[in-house]
Amino acid sequence: MTIPADLKYTKDHEWVRIEGDVATFGISDHAQEALGDIVFVELPEIGRTIDAGEAYAVVESVKAVSDVYAPVAGEVIEVNEELEGEPEKVNTDAYGAGWIAKVKMSGETIELMSDDEYNTFLEE
Amino acid sequence: MSGLAKTPMFDEHVKLGGKMVPFAGFEMPVQYKNGALKEYTFVREGGAGIFDITHMGQVRVSGADSLAFLQYVTTNDVSKLVEGQVHYSALLNDSGTFIDDITTYKISESEYYLCINAANRHKDVAHLQQQAAAFDVQVNDESDDTTLLALQGAAAQTALQPLLDTDLESIGYYRFAQVTVAGRKGIISRTGYTGEDGFEIYIPNAIAVDIWKQLLANGAEPIGLAARDMLRTEMGYALYGHEISDSVTPVEAKLMWITKLDKGDFIGKTAVETRRSEGPQLRLIAIKLTERGIPREHYKVYADGAETGEITSGMFSPMAGGVALAYVKPEHAESGALTVEIRGKAVPAERTTLPFVRSNVRR
């Protein structure tokens, strides 16, 4: 179970990387492991405006369908189209090639945790 | 998960990284450490997958009237079975709907063995015992003493043969042998629920872990419930609670091939005949999405934009894509442009034939 120090995390097991006014979203290693083999990712439309905490994507494992929630609000500027053909990248590289979407931040966020806080949250 | 039963292999499942979930009153492995997709691939691509399906029930029927009794309570024609042969069959209500789907094994003229679904076990046994009162038969529920392992995939015979004196080559498709294994008596049939060659192995609980470990040592790998469901759905095999239930008859479920109306009277026969002459209220069809998406159970199916039915089993097939079984109105079984509603969107689908992927059973 890895929890990179340069990311922030949510209680719903999403991660966010904030660089300037651009935020990159994905799901944590813990989340992908709990879901099991991911076989489908539904990506948001580019240009869509999403609120913090809004379901912006869907990941489907062999057995389950799960919403993915936005850690911060913004407008979708890029999506990881490679996941349409290779959804398993969410399992194999949750923090890298398994990223889901990038947004131009508009300010609002839900409660975000540091890596240490997220680790503590997982242990509780 | 208190109150749930455990099979003899419970500790083995945990040691192998099994993710245990409640299933039909048991704690069963939904997958092991490598995940459902790798397990599925192992079975489809030449391995020997071992499945703990001990949750299923076994009933022994014996006595002078065994044949007459089973002709009356099951749908298939038991008189056609020879000793050492198995067939697929069903128990119906008077209304012609399913109590359960089963397999019937003919051991001798006066002894048969039934394999029944876990979730229906107590209902089935109560029904059989009630009906048995009018016949000279004994109905014994042996489920609590019996372990059932399925060994499926092209390498199944190679993994199982070293445990036995019986030559597995002599057991044909839907045939079985009574064997001695680890010093105890068991039943091995060339049957399964995956579309691959393989066996189902009925043994006493006392030797179950020993046999499980020997099969793993011979190259078998454990397969959980998730991969099992993928494998059976790709074949279009019916599952109780999905394609069949107490609200459909064999006419709707496309199971008239196991319902022999010409064999004499049996429970549900009159109702099935009526349904067949009136025509089914729903028809089971096989569909495949023509765009990306995963059709899942309970998703709505539309024909020419109007709701026509619902998916009963659906999946992402690594070989065939988004595929599903669905009940639709009879007029849409063969015509009308189909769509499946997925999160509010209409995803186009086409009718297809079963199985969704090629079957490799030995016929």
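The rules behind these values
- Residues numbered from 1 in each chain as written.
- Chains lettered and ligands numbered in written order.
- Predicted model: local features only at pLDDT ≥ 70, side-chain atom pairs only at ≥ 80, totals over all residues.
- Buried ≥ 20, exposed ≤ 12 C-beta atoms within 10 Å, placed from the backbone.
- Helix = DSSP H or I, 4+ residues; strand = E, 2+ residues; numbered from the N terminus.
- Arc of directions from axis to C-beta.
- pLDDT = per-residue confidence, 0-100.
- Core = buried A, V, L, I, M, F, W, Y, C linked by C-beta atoms within 7 Å.
- Contact = placed C-beta atoms within 7 Å.
- Axes fitted to C-alpha atoms, helices over the stretch in contact; angles between N-to-C directions.
- Parallel < 35°, antiparallel > 145°, perpendicular 65-115°, else oblique.
- Left-handed = near helix turned anticlockwise from the far one by under 90°.
- Nonpolar A, V, L, I, M, F, W, Y, C, P; charged D, E, K, R; others polar.
- Pairing = 2+ DSSP bridges.

**Observations regarding helix H3 (residues 66-73) of chain B**
Taken together, the buried positions of H3 of chain B are Ser66, Phe69, Leu70 and Val73 of chain B. End-on view of H3 of chain B: buried residues confined to an arc of 90°, all on one side of the axis.

**Regarding the confidence of the model for chain A**
The pLDDT averaged across chain A works out to 96; a share of 100% of its residues lies at or above 70. Within chain A, no element has a lower average pLDDT than strand S9 (residues 101-109) of chain A, which sits at 93, and none a higher one than strand S3 (residues 22-27) of chain A, at 98.

**A few points about the nonpolar core**
Residue and element names in this part refer to chain B. Counting residues in each nonpolar core, the largest one holds 124 residues, and the members touching the most others are Ile50, Leu149, Leu151 and Ala326. A total of six residues in this core trace back to one element, the largest contributor, which is strand S17 (residues 321-328). In this structure Ile50 touches Leu149, Leu151, Trp212, Leu215, Leu216, Ala220, Glu221, Pro222 and Ile223, once residues within four positions along its chain are discounted.

**A look at unusual backbone geometry**
All names here are of chain B. The linkage connecting Leu354 with the following residue, Pro355, adopts the cis geometry, with an omega of -5°. Along the chain, Pro355 turns up in the segment after strand S19 (345-352). The phi dihedral of Ala24 falls on the positive side, at around 50°, and the residue is not glycine. Notably, Asp304 is not glycine yet its phi reads approximately 50°, a positive angle. Following the sequence through the fold, Asp304 ends up in the loop between strand S15 (300-303) and strand S16 (306-317).

**Description of the interface of chain A and chain B**
Counting residues at the interface gives ten residues for chain A, matched by eleven residues for chain B. If you list the elements that add at least two residues to the side of chain A that touches chain B, you get strand S4 (38-42) and strand S6 (55-61) of chain A.

**Thoughts on the packing of helix H2 (residues 36-44) of chain B against helix H7 (residues 225-235) of chain B**
Residue and element names in this part refer to chain B. H7 packs onto H2 with a crossing angle of 50° between their chain directions and a minimal axis gap of 8 Å. The pairing of H2 with H7 is recorded here as oblique in orientation. Both H2 and H7 take part in a crossing whose hand is right-handed. On the side of H2, the interface is formed by Ala36, Glu39, Tyr40 and Val43, while H7 contributes Ala226, Ala227, Met230 and Leu231. Of the residues belonging to the contact of H2 with H7, the class tally is seven nonpolar, no polar and one charged.

**Some points on the sheet that holds strand S7 (residues 111-116) of chain B**
Residues and elements named next belong to chain B. Taking strand neighbours across the sheet as the criterion, the five strands line up as S5-S6-S7-S4-S8 in an open arrangement whose pairing is antiparallel. Every interior strand has two partners, whereas the edge strands, strand S5 (86-92) and strand S8 (138-141), have only one. Ignoring strand direction, the axes of neighbouring strands in this sheet form an average angle of 30°. The strands touched by H3 within the sheet are strand S4 (57-62), S5, strand S6 (98-108) and S7, with S4 carrying the most contacts at an inclination of about 130°.

**Quick notes on the confidence of the model for chain B**
Detailed reading of the predicted model is not advised wherever pLDDT is low. In the predicted model, chain B carries a mean pLDDT of 97, and 99% of its residues have values of at least 70. Model confidence for the complex is summarised by a pTM of 0.95, with the ipTM given as 0.89.

**A look at the environment of Glu81 of chain A**
Structurally, Glu81 of chain A is set in the loop between strand S8 (72-79) and helix H2 (82-85). A tally of 10 C-beta atoms within 10 Å means that Glu81 of chain A is categorised as exposed.

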